[in-house]
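Residue-level structural notes
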Amino acid sequence: QVQLVESGGGLVQPGGSLRLSCAAPGSIFRLYAMGWYRQAPGKQRELVAQSRNGGSTNYGDFVKGRFTISRDNAKNTVYLQMNSLKPEDTAVYYCNAHRILVSLSRDDYWGQGTQVTVSS
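Quick look at the overall build of the chain
Within the chain, the secondary structure is distributed over 1 helix and 11 strands. Written out in order from the N terminus, the α and β elements of the chain read β-β-β-α-β-β-β-β-β-β-β-β. Taken over C-alpha atoms, the radius of gyration comes to 14 Å for the chain, in line with the 14 Å a tight globule of 120 residues would show. Principal-axis analysis of the C-alpha atoms gives the chain an extent of 45 × 30 × 25 Å. Across the 120 residues of the chain, 41% fall into the buried class. Once local pairs closer than 6 in sequence are excluded, the contacts in the chain between residues at least 24 apart make up 52%. In the chain, 13 side chains carry a positive charge and 8 a negative one; their mean positions are 3 Å apart.

Notes on the pattern of salt bridges
If you walk through the whole model with that rule in mind, you get 5 salt bridges. In this structure, the salt-bridge partner of D89 is R66, at a minimum N-O distance of 2.7 Å. Taken together, the residues span a long stretch of sequence, with D89 in the loop between β8 (77-82) and β9 (91-100) and R66 in the loop between β6 (57-59) and β7 (67-72) at a distance of 23 residues. Accessibility classification places D89 together with R66 in one group, the buried group. The closest approach of N and O atoms between D107 and R99, which form a salt bridge, is 3.1 Å. Given a relative accessible area of 37%, R99 falls into the partly exposed group. Residues joined in a network through salt bridges with shared partners are R38, E46, R66 and D89.

Some remarks on the state of the cysteines
Considering all chains together, one arrives at 1 disulfide under this definition. Each disulfide pairs two cysteine sulfurs, and for C22 the partner residue is C95, the sulfurs being separated by 2.0 Å. One disulfide, between C22 and C95, carries an S-S torsion of -85° and so falls in the left-handed class. Of this pair, C22 sits in strand β3 (residues 18-23) while C95 sits in strand β9, and the two are 73 residues apart along the sequence. Across the pair, C95 and C22 agree in class, each one buried.

Observations concerning the pairing of strand β10 (residues 106-110)
As paired strands, β9 and β10 are joined by 5 bridges and run antiparallel to one another. Among the inter-strand pairings, I100 is bridged to a residue of β10, identified as R106. Here β9 folds back onto β10 in antiparallel fashion, the turn holding 5 residues, of which L104 has a positive phi close to 75°.

Cut-offs and rules
- Throughout, a residue's number is its position along its own chain's written sequence, starting from 1.
- The predicted origin of the model limits local features to residues at a pLDDT of at least 70 and limits the giving and counting of side-chain atom pairs to 80 or more, whereas totals for whole chains, interfaces and linings rest on all residues.
- For the side-chain quantities, the full set of heavy atoms in the structure was used; hydrogens and water were omitted.
- Where helices and strands are cited, they refer to DSSP runs of H or I of at least four residues and of E of at least two residues respectively, numbered from the N terminus.
- Using C-alpha atoms as the atom set, the radius of gyration is obtained and then compared with a globule rule of 2.2 Å times the number of residues to the power 0.38.
- Exposed residues in this analysis have more than 50% of their type's maximum accessible area, buried residues have under 20%, and partly exposed residues fall in between, with area computed by a 1.4 Å probe over protein chains only.
- Every residue pair with non-hydrogen atoms within 4.5 Å of one another is taken to be in contact.
- Charged residues are defined narrowly, with Lys and Arg counted positive, Asp and Glu counted negative, and His plus the chain ends left uncounted.
- In this description, the location of a charge corresponds to atom NZ of lysine, CZ of arginine, CG of aspartate or CD of glutamate.
- Any carboxyl oxygen of Asp or Glu within 4 Å of a side-chain nitrogen of Lys or Arg constitutes a salt bridge here.
- Any cysteine sulfur atom paired with another within 2.5 Å is treated as part of a disulfide.
- Two strands are said to pair when DSSP picks up at least two bridges between them.

Rendered as structure tokens:
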């Protein structure tokens, strides 16, 4: 019954900011990499940002320094601070927790998705 509780999406004008949050069960947060993906209609799902529990991070190339992922270990919550938003950032954003098993298969948990719309 793993559930990722996701929030923070909405409508924002170009150049504006949003902060997404995702809370995970402690057992997941401690052992899984946490990240954000997004998917727009007709487009492939793409990685936005990822934070491993060892502290390393990586970002999609389109971020261009505008987004920052962070973790609050006391709250078992991961955040995505999104600044200088562009219309092409419009998508459904999904919180993700994953681990790679010994078999090299991938074990995933997902949030419900939150809509981010950037428009004038």
